[in-house]
Amino acid sequence: MTQPSPAQKPVPKSLYGGTSSRRVTVRDIAAAKERGEKWPMLTAYDAMTASVFDEAGIPVLLVGDSMGNCHLGYESTVPVTMDEITFLSAAVVRGTKRSLVVADLPFGSYQEGPVQALRNATRLVKEAGVGAVKLEGGERSADQVELLVSSGIPVMAHVGLTPQSVHAFGGYPVQGRGEEAAQQLLRDAKSVQDAGAFAVVLEAVPAELAAEVTRSLHIPTVGIGAGLECDAQVLVWTDMAGMNAGRVPKFVKKYLEMRELLGGAAKAFAEEVVGGTFPTPEHTFR
C-alpha cells in the first residue's frame, strides 16, 4: 500500500498540543488562521530546551537573533552572525520532532538585497534544516521576501519595532503611534503579505492598530507587545521563564522564576560539596 504524499496528509486539528507525527508546516499555519485558532510561539537556542517546548506542544519555535542578548552575552541582536544562527538552529532542529523551526536572518545577512538574502536563507535551510526563515522590515524587505518565497523558502516577516534597527530607532520605542506611522505600518504588513510571507510578527505596536492589521490580512499576525487580537503570541523563552536578571519589557509575563530556582539548586549543590555531604553512598560506585 502506497503512503500518501505530505501534501495529501490531513492537517492537525489544532496547532498547540497536536499529536501529529509530522512537523508543523506553513500550510498548517494558514489553516489555523482560517479556523480562527490562536497559537503560541517561543524562542529556543539549544536542543535540550527545544525538546522541552516541542514535547509541551508548542507548534512554532523561533531561533531568534535575540540569542545575542540572552544567550551569547551581546548587548543587542546586531552582532549575531550567520555562523552562530546556523549552528544553534541546527541544534534546535535536532532537538525537535513536531515544531516548525523558524530561524532569524541576522543583521547584515539580507540588507544588501534579495540575492544576499537567498544565499543566507538557503544556508539555514540546507545546513541547519529549518522549515522557514524570518527577516525584519516591511516595504523595504518585500523584494527579499518575494525572491525567497519564489525559491521555495517560507518567510515570516517582522514589522513594527525591529530590534536590528536599534541604532536607527535610538532604543526600543513603541511603533505605529500617530496616523502617519500607523498607515506606514499597515503598508508594511500588506507589502510583506503581498510578497508571499506566511505570517508577520508585530512587535511593540499599539493594540488597536495590531487588531486592525490582523483584520486586514489573510496571513496570521504574531504579537509581541501588540495586544490580544493578534492570531498568535511569541515571547523570548528566557523572559517567559524568568531567567533574565533586571528589568524586562512591559509585555513580558513571567510564568516561572527560573533564575531563582536554578541559583538555589547551584547553592544547594555547592553547600553539600563544601560540607562534605555530597556524594553520598547512593551516588558512589562500589
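Per an unreviewed UniProt entry, the chain goes by the name 3-methyl-2-oxobutanoate hydroxymethyltransferase and belongs to Streptomyces bugieae. Database annotation for the chain, UniProt heading Subcellular location (unreviewed entry): "Cytoplasm". Taken directly from UniProt, the Subunit (unreviewed entry) text for the chain runs: "Homodecamer; pentamer of dimers."

**Re the packing of aromatic side chains**
For any pair of aromatic rings, the description rests on two quantities: the centre-to-centre distance and the angle between the ring planes. Within the structure shown, the criterion is met by two aromatic pairs. Taking 6.0 Å as the distance between ring centres and 70 degrees as the angle between the ring planes, the aromatic pair formed by Phe 53 and Trp 237 counts as edge-to-face. Here the residue Phe 53 occupies a position in helix α2 (residues 47–55), and Trp 237 occupies one in helix α10 (residues 237–240), the gap between them amounting to 184 residues. The burial state of Phe 53 is the same as that of Trp 237; both residues are buried. Ring geometry for Phe 269 against Phe 278: centres 6.0 Å apart, planes inclined by 75 degrees, an arrangement best described as edge-to-face.

**Some thoughts on the sheet that holds strand β6 (residues 199–203)**
One closed barrel holds the eight strands; their spatial order is β1-β2-β3-β4-β5-β6-β7-β8, and the pairing between them is parallel. With direction set aside, neighbouring strand axes in the sheet form an average angle of 25 degrees. As judged from the three bridges shared by strand β1 (residues 39–43) and strand β2 (residues 60–63), these two strands associate in the parallel manner. The partner of Leu 42 across the bridge, within β2, is Leu 61.

Criteria and cut-off values
- Residues numbered from 1 in each chain as written.
- Predicted model: local features only at pLDDT ≥ 70, side-chain atom pairs only at ≥ 80, totals over all residues.
- Heavy atoms only, no water.
- UniProt positions renumbered as here; feature names shortened; annotations may be inferred.
- Phe/Tyr/Trp six-rings, centres within 6.5 Å; stacked < 30°, edge-to-face > 60°.
- Helix = DSSP H or I, 4+ residues; strand = E, 2+ residues; numbered from the N terminus.
- Buried < 20%, exposed > 50% of the residue type's maximum accessible area, 1.4 Å probe, protein only.
- Pairing = 2+ DSSP bridges.
- Axes fitted to C-alpha atoms, helices over the stretch in contact; angles between N-to-C directions.

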